[in-house]
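Working through the structure, step by step
What follows is the residue order along each chain.
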Amino acid sequence: MRVERIGDATLYLGDCRAVLPTLGGGFGAVVTDPPYGIGEAAGKSRSRSNAVRARDYGDDPWDDAPISAELMATVRAAGRWAVIFGGNYYALPASSCWLVWDKMTTGDFADCELAWTNLPKAVRRIRYLWNGMARAKREPRGDHPTQKPLGVMRWALDHLPGDVTSVIDPFMGSGTTGVACIERKLRFVGIEREERYFDAACRRIAAAVEEAMRSPGLGLSVERPPAAVQPSIFGGDE
Ligand SMILES: C[S@@+](CC[C@H](N)C(=O)[O-])C[C@H]1O[C@@H](n2cnc3c(N)ncnc32)[C@H](O)[C@@H]1O
């Protein structure tokens, strides 16, 4: 298996069903964006009338089926806290805190995306434009057909309790969660089974690490509340 260590990030090229059991859990949080099972990557979106993809990624079957309930349970068990995008496609427990990303658009694509969390707080919303070529802060994209905005992933991380120091994303794609973790000074573990997305994640995370070294003052911009003490795979308490 290929493993890349880049700054505070460790990236595994492989299937998370095989990799997760070898890591032993104990992460501060799992923050992830699993397949929703709606065929977003298999060319379905290209047939939509009012939205144009910046790039054709080819027919890719990874989004044809949601992950199994068993794998979802393993994913959730990896971290004390969980933020799971596309949570509305899965049977997850009742929660007081869904994170709502309002894309400020309407049409064939969903107006909002929902992340299920087990955080003890109320529903939160971010308005962040993401519609084809129209994107908040002209954020670049193009590494993955369902790439998440960095601004949204930063915001999601900022809802984690303040004592979280490590995050795992078992469905890393092009590494947006990892880039946001580097910016927020959180140790990151990512798993992705498609080599082209894994390579994109390595590139993006390496660039984020370089940027963090050039500008060491960058980092947590939001005070996060404390949370429960728990064991860590990194050898200390989270
Ligand atoms: C929704 S995408 C994640 C996109 C990511 N948030 C980004 O910004 O680029 C889900 C990713 O999970 C990957 N994937 C699906 N099943 C997997 C598995 N069993 N193990 C590892 N990766 C998997 C797919 O290849 C896909 O890149």
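Residues numbered from 1 in each chain as written. Predicted model: local features only at pLDDT ≥ 70, side-chain atom pairs only at ≥ 80, totals over all residues. Heavy atoms only, no water.

Some points on the overall build of the chain
When its secondary structure is counted, the chain shows five helices and eleven strands. Out of the 238 residues in the chain, the part that is buried amounts to 53%. Put simply, of all contacts in the chain between residues at least 6 apart along the chain, 71% involve residues at least 24 apart. Working note: accessible area of the chain is about 11000 Å², and carbon and sulfur atoms make up 53% of it. (Helix = DSSP H or I, 4+ residues; strand = E, 2+ residues; numbered from the N terminus. Buried < 20%, exposed > 50% of the residue type's maximum accessible area, 1.4 Å probe, protein only. Contact = heavy atoms within 4.5 Å. Areas by Shrake-Rupley, 256 points an atom, 1.4 Å probe, with all protein chains shown as cover.)

Thoughts on the packing of helix H4 (residues 176-183) against helix H5 (residues 195-214)
Between H4 and H5, the least distance of the axes is 9 Å, while the angle of their chain directions is 10 degrees. It follows from the interaxial angle that H4 and H5 lie roughly parallel. Note on element contacts: H5 touches H4 through Arg204, Ile205, Ala208, Val209 and Ala212, opposite Thr176, Gly178, Val179 and Ile182. Residues that form the contact of H4 with H5 fall into these classes: six nonpolar, two polar and one charged. (Axes fitted to C-alpha atoms, helices over the stretch in contact; angles between N-to-C directions. Parallel < 35°, antiparallel > 145°, perpendicular 65-115°, else oblique. Nonpolar A, V, L, I, M, F, W, Y, C, P; charged D, E, K, R; others polar.)

Topic: the nonpolar core
Grouped together as the largest cluster of nonpolar side chains are 40 residues, with contacts concentrated most on Leu11, Val83, Leu160, Val167 and Ile205. Contributing elements (two or more residues each) for this core: strand E2 (9-13), strand E3 (27-32), strand E4 (79-85), strand E5 (98-102), helix H3 (150-157), H4 and H5. Aside from chain neighbours lying at most four places away, what touches valine 167 is Phe27, Ala29, Val31, Leu157, Leu160, Thr177, Cys181, Leu186, Arg187, Phe188 and Val189. (Core = buried A, V, L, I, M, F, W, Y, C linked by side-chain atoms within 4.5 Å.)

So, the site of the ligand
With respect to spatial proximity, 21 residues lie near the ligand, and among them Asp33, His144, Ser174, Thr176 and Glu192 are the closest. Here aspartate 33 contributes a side-chain N or O atom positioned 2.8 Å from a nitrogen atom of the ligand. One of the side-chain N or O atoms of histidine 144 is found 2.8 Å from an oxygen atom in the ligand. Calculation on the ligand without its partners gives an accessible area of 610 Å², and the protein chains cover 98% of this total. Applying the majority rule of atoms within 2 Å of the grid points places the ligand in the second largest pocket. (Near = heavy atom within 4 Å. Polar contact = N/O pair within 3.5 Å; in protein donor to acceptor, adjacent residues only side chain to side chain. 1 Å grid on protein atoms, 1.4 Å probe; cavity = no way out; pocket = protein on both sides within 12 Å on 5 of 7 lines; lining within 4 Å. Sits in = over half its atoms within 2 Å of the grid points.)

Things to note about the sheet that holds strand E10 (residues 166-169)
If you trace the nine strands from one edge of the open sheet to the other, you get E1-E2-E11-E10-E3-E4-E6-E5-E7, paired in mixed fashion. Single-partner strands in this sheet number two, and they are strand E1 (2-6) and strand E7 (124-127). The mean angle between the axes of side-by-side strands here comes to 15 degrees, regardless of whether they run parallel or antiparallel. In this fold H3 packs onto E3, E4, E5, E7 and E10, with an angle of close to 155 degrees to the strand it touches most, E7. (Pairing = 2+ DSSP bridges.)

Some thoughts on H5
Taking 1.5 Å per residue, 20 residues should reach 28 Å; H5 reaches 29 Å between its end C-alpha atoms and fits that length. Within the sequence span of H5, burial applies to Tyr197, Phe198, Ala200, Ala201, Cys202, Arg204, Ile205, Ala208 and Val209. Where H5 is buried, its residues contact E1, E2, H4 and strand E11 (187-192). (Expected span 1.5 Å × (residues − 1).)

Side note on the layout of surface pockets
In this structure, the second largest pocket spans a volume of roughly 460 Å³. Looking at the second largest pocket, it is lined by 31 residues, and the ones nearest its centre are Asp33, Pro35, Trp62, Phe171 and Glu192. If you list the elements that add at least two residues to the lining of the second largest pocket, you get helix H1 (16-23), H4 and E11. Here the residues of the lining of the second largest pocket sort into 13 nonpolar, ten polar and eight charged. (Points joined across faces, edges and corners; volume = space filled by probe spheres on them.)

Some thoughts on the pattern of salt bridges
Summed over the entire model, instances satisfying the criterion amount to 15 salt bridges. Lysine 148 is the partner of aspartate 33 in a salt bridge, and the nearest nitrogen-oxygen pair spans 3.2 Å. Of this pair, aspartate 33 sits in the loop between E3 and helix H2 (69-77) while lysine 148 is found in the loop between strand E9 (134-135) and H3, placing the two residues 115 residues apart along the sequence. On the basis of relative accessible area, lysine 148 is assigned to the buried category, the value being 6%. Between arginine 214 and glutamate 210 there is a salt bridge, with its nearest N and O atoms 3.9 Å apart. Of the two residues, arginine 214 and glutamate 210 are both situated in helix H5; the distance of four residues between them amounts to about one turn of the helix. Residue classification places arginine 214 among the exposed positions, given a relative accessible area of 58%. In the salt-bridge network here, residues are joined through shared partners; they are Arg2, Glu4, Glu195 and Asp199. (Salt bridge = Lys/Arg side-chain N within 4 Å of Asp/Glu carboxyl O.)

Notes on the confidence of the model for the chain
With 79% of its residues at a pLDDT of at least 70, the chain reaches an overall mean of 85. The model gives residues 44-54 a pLDDT under 50, and that stretch makes 23 contacts with residues more than four places away or in other chains. The low-confidence segment residues 227-238 (pLDDT under 50) makes 35 contacts with residues lying over four places distant or belonging to another chain. (pLDDT = per-residue confidence, 0-100.)

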